[in-house]
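Here's the letter readout for the chains.
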Amino acid sequence: MTRTIKGPGSFDVAIVGAGAAGMYCAAQAGGRGARVVLIDHAPRLAEKIRISGGGRCNFTNLEGDQIDRYLGDDPLFARFALREHPPAEFVDLVRRYRIGFHEKHRGQLFCDTSAEEIIAMLVAECDRAGVEWRRPVAVRSVARSGQGFQLQTDAGSIDARRLVVATGGLPVPKIGATDWGLILAKQFGLIVVEPRPALVPLTFTAQDWTAFVPLAGISLEVGIQVQPQSVDPVASGRRTKPVRFVEDLLFTHRGLSGPAVLQTSSFWRPGDALQVNLLPGQELAKDLVQLKSGGRKALSTILAERLPRRLAQDGFEPLTGHPAALGSSRIADFPDRVLEDLSGRIQSWTMTPSGSEGWRKAEVMRGGVSTRELDPRTMESRRIPGLHFIGEVVDITGWLGGYNFQWAWSSATVCARAMTELGD
Ligand SMILES: Cc1cc2nc3c(=O)[nH]c(=O)nc-3n(C[C@H](O)[C@H](O)[C@H](O)COP(=O)(O)OP(=O)(O)OC[C@H]3O[C@@H](n4cnc5c(N)ncnc54)[C@H](O)[C@@H]3O)c2cc1C
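It should be emphasised that the depicted structure is a prediction, and the values quoted were computed from it without experimental measurement.

What to know about the site of the ligand
Not every one of the 29 residues close to the ligand is listed here, only the nearest: Ala-21, Asp-40, Thr-178, Glu-392 and Phe-405. Ala-20 places a polar main-chain atom, nitrogen or oxygen, 3.2 Å from an oxygen atom of the ligand. Asp-40 places a side-chain nitrogen or oxygen 2.6 Å from an oxygen atom of the ligand. For the ligand, whose accessible area on its own is 1,000 Å², the fraction buried by protein is 91%.

This is the structure we're talking about:
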């Protein structure tokens, strides 16, 4: 069990944020002989790990060291940490604790039983390393003091030679997410890339979406990608090229969700459209034109053999722009150009979201402390020696599928190793 020790203290390392990155860093720095204090304000420990992966924590991805799975102003920043501490090293630890796990989909590793096992493992590692806990404890202020930092907390003042900020991102404020780390970075004059919700469902105006509301609950595999609207040539020049995903899409009452849209949302900016192929891997226009000869079936029946029935029927008009009644006409009666037009709309359905479900529903934050400010080998500020940032608070964001935890483990590891090697 974690202990809250009240009172002041003097440490080699103070870590604020006892989530994935904070606990992993504390355990490793403590294990290498540093006197570490780990501070968190939340009444319940590591809530984000607890709710992750639907309660089973998708704790890494077998491809988690592939740099093209990460976004940010400079994703290459993450390369050193991911190479230094690849997924296999974290998997070894999980195995040592005899935590059962399985690969679910495309390299995603989930606990067989519960995310609680990952939390218990991290707590055990911290306790084994002699980490001192301060929780639930809020940090009121941080100031430079001699060679280190002085933190004023609810549990007295803490002096530490090094300060590690591991306060995570802004998603899900009701379980303790704050912008504390970003404000601290600004207090020390560091650049912060504007945060925005990512891995988040996208929404549409009521006017654009009313016709799609009856489709809520329909799910299907699609090909999807952002179509950027290059309004700002400077910003768009720095944009990561949008990736095309083939994943499941879910229609909701307010817009689109499911892995396809969550993945795409990380590349989306206001004004961008989404281009969706509702029948990936098929050549619908060619098929329909071929089916014309002697075809007695209604067009909607043929579409329902390829798409979810409700989508083919209720979605015919909003998706294709043609009246629903047209769907019941025999395929043989359609001119080729109408079938080609219909197919184009189904295989290249284009809609412009008006926004997202925001921090309440986002799984991760894009933006954060600029990687230009940090040394990728130590996660230390280039300008403020002794100040480190790890995990989601840094401007590195992983794809859906275990990549964000892998970034937390890898960035925590290089930070812990560097701190104990660098000494003062
Ligand atoms: C619903 C959901 C499901 C997810 N599922 C997955 C998944 O399956 N796989 C995956 O890879 N990623 C998943 N993620 C993302 C993943 O949880 C985060 O990327 C990861 O937890 C980031 O680790 P971190 O240590 O940087 O931050 P966190 O784990 O969020 O930890 C930050 C800690 O800082 C503390 N803190 C914040 N502000 C303060 C303050 N002012 N003072 C003191 N303490 C503070 C918080 O209480 C928290 O304990 C999911 C996220 C959500 C919201």
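Remarks on the domain arrangement of the chain
Assigned domains within the chain: domain 1 (9-197 + 359-422) and domain 2 (202-356). Opposite the 11 residues of domain 1 that make contact, domain 2 presents 14 residues. For the pairing of domain 1 and domain 2, the buried interface totals around 1,100 Å² over both sides, and the portion due to carbon and sulfur atoms is 44%. Contact with domain 2 buries area across many residues of domain 1, yet Arg-196, Trp-399 and Leu-400 alone supply 41% of it, more than any other trio. At the boundary of domain 1 with domain 2, the tally comes to one salt bridge. Across the salt bridge formed by Arg-106 and Glu-247, the nearest N and O atoms sit 3.1 Å from each other. Seen at the junction of domain 1 and domain 2, the total is six residue pairs in polar contact (both at pLDDT 80 or more). Tallied by class, the residues present in the side of domain 1 that touches domain 2 amount to four nonpolar, two polar and five charged.

Quick word on the sheet that holds strand E17 (residues 349-351)
In space, the seven strands of this open sheet follow the order E17-E16-E13-E14-E15-E12-E18, with antiparallel pairing throughout. Every other strand in the sheet has two partners, leaving E17 and strand E18 (355-356) as the edge strands with one partner each. Here five bridges tie strand E13 (residues 219-227) to strand E16 (residues 273-277), and the two strands are oriented antiparallel to one another. If you follow Ile-224 over to E16, its bridge partner there is Val-276. Packing of helix H9 (residues 258-265) onto the sheet brings it into contact with strand E12 (202-203), E13, strand E14 (245-251), strand E15 (255-257) and E16, and relative to E14 it is tilted by some 115°.

Regarding unusual backbone geometry
Omega for the bond connecting Arg-135 with Pro-136 falls within 30 degrees of zero, at -5°, which places this linkage in the cis form. A positive phi angle, close to 50°, is found at Cys-57, a residue other than glycine. Of note, Cys-57 is situated in the loop between helix H2 (47-51) and strand E3 (58-61). For Cys-57, a relative accessible area of 0% translates into the label buried. With a phi angle near 55°, Val-172 is a residue other than glycine that sits in the positive phi range.

Some remarks on the pattern of salt bridges
The tally for this structure, following the rule as stated, stands at 24 salt bridges. Close ionic contact of Glu-89 with Arg-417 constitutes a salt bridge, the shortest N to O distance being 3.3 Å. With a gap of 328 residues between them, Glu-89 in helix H4 (residues 87-96) and Arg-417 in helix H15 (residues 403-422) connect regions that are remote in the sequence. Residue class for Glu-89 comes out partly exposed when judged on its relative accessible area of 32%. When salt bridges that share partners are traced, they join Arg-44, Glu-47, Arg-50 and Glu-116 into one network.

Basis of the calculations
Each residue is numbered by its place in its chain's sequence as written, counting from 1. With pLDDT at 70 or above as the cut-off, local features in this predicted model cover only qualifying residues; side-chain atom pairs require 80 or more to be listed or tallied, and sums for whole chains, interfaces and linings still use all residues. Side-chain descriptors were evaluated using all non-hydrogen atoms of the structure, hydrogens and water having been removed beforehand. Any residue with at least one heavy atom within 4 Å of a molecule or strand is counted as near it. Under this definition, polar contacts are N or O atom pairs within 3.5 Å; protein pairs additionally need one hydrogen-donor-capable and one acceptor-capable atom, and for neighbouring residues in sequence, both atoms have to be side-chain atoms. A 1.4 Å probe and the Shrake-Rupley method give the accessible areas. Residues count as covered only by the protein chains that appear here. An automatic or database domain assignment provides the domain bounds reported here. Residue contacts are defined here by distance: any two heavy atoms, one from each residue, within 4.5 Å place the two residues in contact. Throughout, buried area stands for the accessible area (probe radius 1.4 Å) lost by two parts on being put together, summed over both. Definition used for salt bridges: Asp or Glu carboxyl oxygen within 4 Å of a side-chain nitrogen of Lys or Arg. Following the grouping adopted for this structure description, the nonpolar residues are Ala, Val, Leu, Ile, Met, Phe, Trp, Tyr, Cys and Pro, the charged ones are Asp, Glu, Lys and Arg, and the polar ones are all others, Gly among them. Any two strands with at least two DSSP bridges between them are considered paired. Numbering of helices and strands runs from the N terminus; a helix is a DSSP stretch of H or I covering at least four residues, while a strand is a stretch of E covering at least two. Axis lines are fitted to C-alpha atoms, over the contacting stretch for helices. Their N-to-C directions set the angle, which ranges from 0 to 180 degrees. Burial classes: relative accessible area under 20% of the type maximum marks a residue as buried, over 50% as exposed, and values in between as partly exposed (1.4 Å probe, protein chains only).

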